[in-house]
Amino acid sequence: MKRCIALILSLLLLLGVTHSASANDAAVLDRALSRWLSAYPSVRFSATLTLKAHMPFPEETLAMFNAVLGHVNIAGSIQRTDEMDESTLQISVGEKELLTLQEQSGENEAVMTLSLLPNRKLTTQGASPLDLLLETQKTVDSEGMETAEQNEVDSTQDTKQGDTLNTSDVESAFSALDAIAQLREIYQTLTEKTLPLTEEKRANYNIKGIGAGKWSHVARLTAEQSESMLTPLRAVLACGMDEEYRDELSQVTFEKGFIVALYQNSDKKDICLYMKGNLIYPDGDKRKMVWEWAFKTDGLIRTDSYRFEVSRLRGTADSRTISASYTQESRSEAFNIKGKTETTLKRAKVTDKSVVNVAMTGKQSADLVLSAEGTLSRDVTQTISGNTTKRAENAELALAITPDGEGAILSGTATYRKLTEKTVESEVLLTFAENASVIVPATAAMAPTITVIPSESSAISSLDLLDDAFTETGSDNAPQQDEYLVGTAPIGLSVYTIPSVETTIALDDATPAQINALIAEAAQSLAGKLLLAVAELPEEDAVLFGDGMTESDYAVFLSLLGI
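Residues numbered from 1 in each chain as written. Predicted model: local features only at pLDDT ≥ 70, side-chain atom pairs only at ≥ 80, totals over all residues. Heavy atoms only, no water.

Caption draft 1: The arrangement of the overall build of the chain in detail. Along the backbone of the chain there are 12 helices and 22 strands. Relative to its 563 residues, the chain shows a buried fraction of 48%. For the chain, the share of sequence-separated contacts (at least 6 apart) that also reach a separation of at least 24 residues comes to 59%. (Helix = DSSP H or I, 4+ residues; strand = E, 2+ residues; numbered from the N terminus. Buried < 20%, exposed > 50% of the residue type's maximum accessible area, 1.4 Å probe, protein only. Contact = heavy atoms within 4.5 Å.)

Quick look at the structure:
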């Protein structure tokens, strides 16, 4: 399920359902397309999956996979109001529903319910609850890789006791279009504070792709001045960065002589904000930094370039280098986005590099049909002690949003590919039907709510903590999911207690282990539902699960659904 939902989420992000900077590259398109998407407050879709390639299986096996996947339907809807966004996702096999997910997000809180977790409401104050679950699962899945990286750090000769290296994931470390949108909103808060400290001077600062800065306002801050500007300085540097690095930047101060410069063109319009100097960490560690954001627009076409370079002055290597350039064309009936972002993180002997390319065009017809097509790609290179591995992901989108009497329908295709060392490991085609019914999820009667905030010191499942809460409130013991079993339970089956009353779980306060317990329960429930659904498929379509299906075949099929 996780891979399917991740792909669906990318398309939901394209429509502006959620705004997490760490939820893959499609999220950045929301800002760029918001002008057109605002005309479609209600969108729904119905999609099917086709497996085009999956190593190492031949076409005959792929045909058997697709016979089963042909019965899988993914339906979704998005509703937007000024106060709240609501999205619904439903996955079924034939007539059997596998899961229904509902998420509501307002200005300060998001709430998610999942049919695989009965009587649970998952809440967050920041990112989407589903984003948080997927991000936690990604962390767990990559634990072995992270351990290998840490072993390399530990083996580095110049690593000193007490060194704390940034551990951001290179794939979510920076979002260029998010940075551009955020900087446009806040940069003047900083320049308004620094301009009174400067003198206007003639300049000839040429910026590639942007033009020449003919006027400059350069401020060299004293320790006292930078102290008084900590909030806007940190805010500007944090634009587009992942949450982990934003937390790191929220603690830095700026060494005496830190430079903040504003450049303007010959018409004295702002075209570049530049900063240079040393960052000081609470433990006294220092890092050298150069930061630049340059921009120009004629009202229709906007070009932005971004540069960020920061490196540790002493001790184990720890650096972050980012460069980005984007052009966005915005007209009443068309749009065009093209750009590239390169992010490199070096920690000790480990170097991670991500290269993202975005190319998207679209047009809106007189009857408000929006058509969009383009590509999204990411190439990731990791080098550990001189050994380099490469992997890539790319997606091709050809989509249309067509208004009708009940809102609008998303149709078209999306193709997702995953490559390792230029070899296609998997390729999935997602086809959106031209007709999609409105999803009407069942609404359970409201029950008393218990809010459970997991203990930071506890390493046990959040579900066990919920059991404790029920005991304290005097509720009857909740039924257990294994009551229907006859005979010996299957190997590996876990027993989970379902709360007897609706329970709110604050995911922001849960530990990764507690969140993973919820994911494990949902995955086990999904696996059980999937087996029952497949058992009812026509015999000719379920041949994959017959005597000819090996254990590895079955494992691959489950992996396609993320189980």
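Continuing now.
Caption draft 2: Highlighting the packing of helix H6 (residues 176-194) against helix H8 (residues 230-238). At their nearest, the axes of H6 and H8 sit 9 Å apart, and the two run at 145° to each other. Seen from above, H6 lies across H8 with left-handed handedness. Across the interface between the two elements, Leu183, Ile186, Tyr187, Thr189, Leu190 and Lys193 of H6 pack against Pro232, Leu233, Ala235 and Val236 of H8. Each residue belonging to the contact of H6 with H8 can be placed in one class, and the counts come to eight nonpolar, one polar and one charged. (Axes fitted to C-alpha atoms, helices over the stretch in contact; angles between N-to-C directions. Left-handed = near helix turned anticlockwise from the far one by under 90°. Nonpolar A, V, L, I, M, F, W, Y, C, P; charged D, E, K, R; others polar.)

Caption draft 3: Inspection of unusual backbone geometry at higher detail. Cis geometry marks the peptide bond from Met55 to Pro56; its omega dihedral reads 5°. Within the fold, Pro56 resides in the loop between strand E1 (42-54) and helix H3 (59-69). At Asn119, a residue that is not glycine, the phi angle is positive and equals roughly 60°. In this structure, Ser385 is a non-glycine residue whose phi angle is positive, near 50°. Within the fold, Ser385 resides in the loop between strand E17 (370-384) and strand E18 (387-404).

Caption draft 4: Representation of the confidence of the model for the chain. Overall, the prediction assigns the chain a mean pLDDT of 78, with 74% of residues at 70 or greater. Across residues 1-28, confidence stays below pLDDT 50; counting only partners more than four residues off in sequence or on other chains, it has 88 contacts. (pLDDT = per-residue confidence, 0-100.)

Caption draft 5: Geometry of a negative patch on the surface. Taken together, Glu243, Glu244, Asp247, Asp508 and Asp509 make up a surface patch of like negative charges. Mapped onto the fold, Asp247 is located in helix H9 (residues 243-249). (Patch = residues over 30% accessible without salt bridge, like charges linked within 9 Å, V, L, I, M, F, W, Y side chains within 5 Å. Areas by Shrake-Rupley, 256 points an atom, 1.4 Å probe, with all protein chains shown as cover. Salt bridge = Lys/Arg side-chain N within 4 Å of Asp/Glu carboxyl O. Lys, Arg positive; Asp, Glu negative; His and termini not counted. Charge placed at Lys NZ, Arg CZ, Asp CG, Glu CD.)

Caption draft 6: Representation of the side chain of Gln364 in the model. You can see Gln364 is positioned in strand E16 (residues 350-364). Reaching out from Gln364, the side chain makes a polar contact with the side chain of Tyr40 at a distance of 3.0 Å. (Polar contact = N/O pair within 3.5 Å; in protein donor to acceptor, adjacent residues only side chain to side chain.)

Caption draft 7: Up close: the packing of aromatic side chains. Going through the model one piece at a time under the given rule, you end up with 11 aromatic pairs. On the numbers, 6.4 Å between centres and 75° between planes, the contact of Tyr205 with Tyr274 is edge-to-face. Separated by 69 residues along the polypeptide, Tyr205 in strand E7 (residues 200-207) and Tyr274 in strand E11 (residues 270-280) bring together distant segments of the chain. Given the relative accessible area of 24%, Tyr205 is considered partly exposed. The buried category is assigned to Tyr274, whose relative accessible area is 15%. Taken together, Phe174, Trp291 and Tyr306 form an aromatic cluster joined through their ring pairs. Above the ring of Trp215, the side-chain terminus of Lys268 is found at 4.5 Å from the ring centroid. In this structure, Arg320 packs its charged tip against the face of Tyr245, placed 3.6 Å from the ring centre. (Phe/Tyr/Trp six-rings, centres within 6.5 Å; stacked < 30°, edge-to-face > 60°. Lys NZ or Arg CZ within 6 Å of the ring centre and 35° of its normal.)

Caption draft 8: Main features of the environment of Leu195. Along the chain, Leu195 turns up in the loop between H6 and E7. Separated by 22 residues in the primary sequence, Leu195 and His217 place their C-alpha atoms 6.6 Å from one another. Once residues within four sequence positions are removed from consideration, Leu195 is found in contact with His217 and Leu262.

Caption draft 9: Expanded view of the pairing of strand E19 (residues 407-420). Where E1 and E19 come together, two bridges link them in parallel fashion. Paired with Arg44 across the bridge in E19 is Ile409. With 14 bridges connecting them, E18 and E19 associate as antiparallel partners. The residue bridging Asp404 from the neighbouring strand is Gly407, located in E19. Taking the residues that link successive antiparallel strands as the turn, the E18-E19 hairpin has two residues. Where E19 lies against strand E20 (residues 423-432), nine bridges are found, and the strand directions are antiparallel. (Pairing = 2+ DSSP bridges.)

Caption draft 10: How the structure looks around the environment of Asn265. Mapped onto the elements, Asn265 comes out in the loop between strand E10 (258-264) and E11. Between the alpha carbons of Asn265 and Lys296 there is a distance of 9.6 Å; along the sequence they are 31 residues apart. For Asn265, the contacting residues outside a window of four places in its chain are Ala212, Lys214, Trp215 and Ile271. Among the polar contacts made by the side chain of Asn265, one reaches the main-chain amide nitrogen of Asp267 at a distance of 2.9 Å. From its side chain, Asn265 meets the backbone nitrogen of Lys269 in a polar contact 2.9 Å long.

Caption draft 11: How the structure looks around the pattern of salt bridges. The full count for this structure, using the stated rule, is 19 salt bridges. Notably, a salt bridge pairs Asp318 with Arg287, separated by 2.8 Å at the nearest N-O pair. With Asp318 in strand E14 (residues 318-330) and Arg287 in strand E12 (residues 286-297), this pair connects stretches of sequence that are 31 residues apart. On the basis of relative accessibility, which here comes to 5%, the residue Arg287 falls in the buried class. Its salt-bridge partner being Lys353, residue Glu342 comes within 3.6 Å of it at the nearest N-O pair. Placement of the pair is Glu342 in strand E15 (residues 334-347) and Lys353 in strand E16, with a sequence separation of 11 residues. Because the salt bridges share partners, they merge into one network encompassing Asp285, Arg287, Arg312 and Asp318.

Caption draft 12: Quick peek at the nonpolar core. Core analysis: the largest hydrophobic core is formed by 96 residues, its most contacted members being Met275, Leu279, Trp291 and Phe308. For this core, the element with the most residues is helix H11 (residues 512-535), which contributes eight residues. Those residues in contact with Trp291, other than ones at most four positions away along the chain, are Leu183, Val236, Leu237, Leu273, Tyr274, Met275, Tyr306, Arg307 and Phe308. (Core = buried A, V, L, I, M, F, W, Y, C linked by side-chain atoms within 4.5 Å.)

Caption draft 13: The arrangement of H6 in detail. Largest kink in H6: about 45°, centred on Arg184. Listed as buried for H6 are Ala176, Leu177, Asp178, Ala179, Ile180, Leu183, Tyr187, Leu190, Thr191 and Thr194. (Bend = angle between axes of the 7 residues up to and from the residue.)

Caption draft 14: Layout of the pairing of E17. In this structure, E16 lies alongside E17, joined through 15 bridges in antiparallel fashion. Following the sheet pairing, Asp352 is matched in E17 by Gln382. With antiparallel pairing between neighbouring strands as the criterion, E16 and E17 make up a hairpin whose turn holds five residues, including Leu368 at a positive phi of roughly 70°. Pairing analysis gives 15 bridges linking E17 to E18, with the strands arranged antiparallel. Within the sheet, the bridge partner assigned to Thr375 lies in E18 and is Glu396. Connecting E17 to the antiparallel partner E18 that follows it, the hairpin turn spans two residues, and Ser385 within it adopts a positive phi of roughly 50°.

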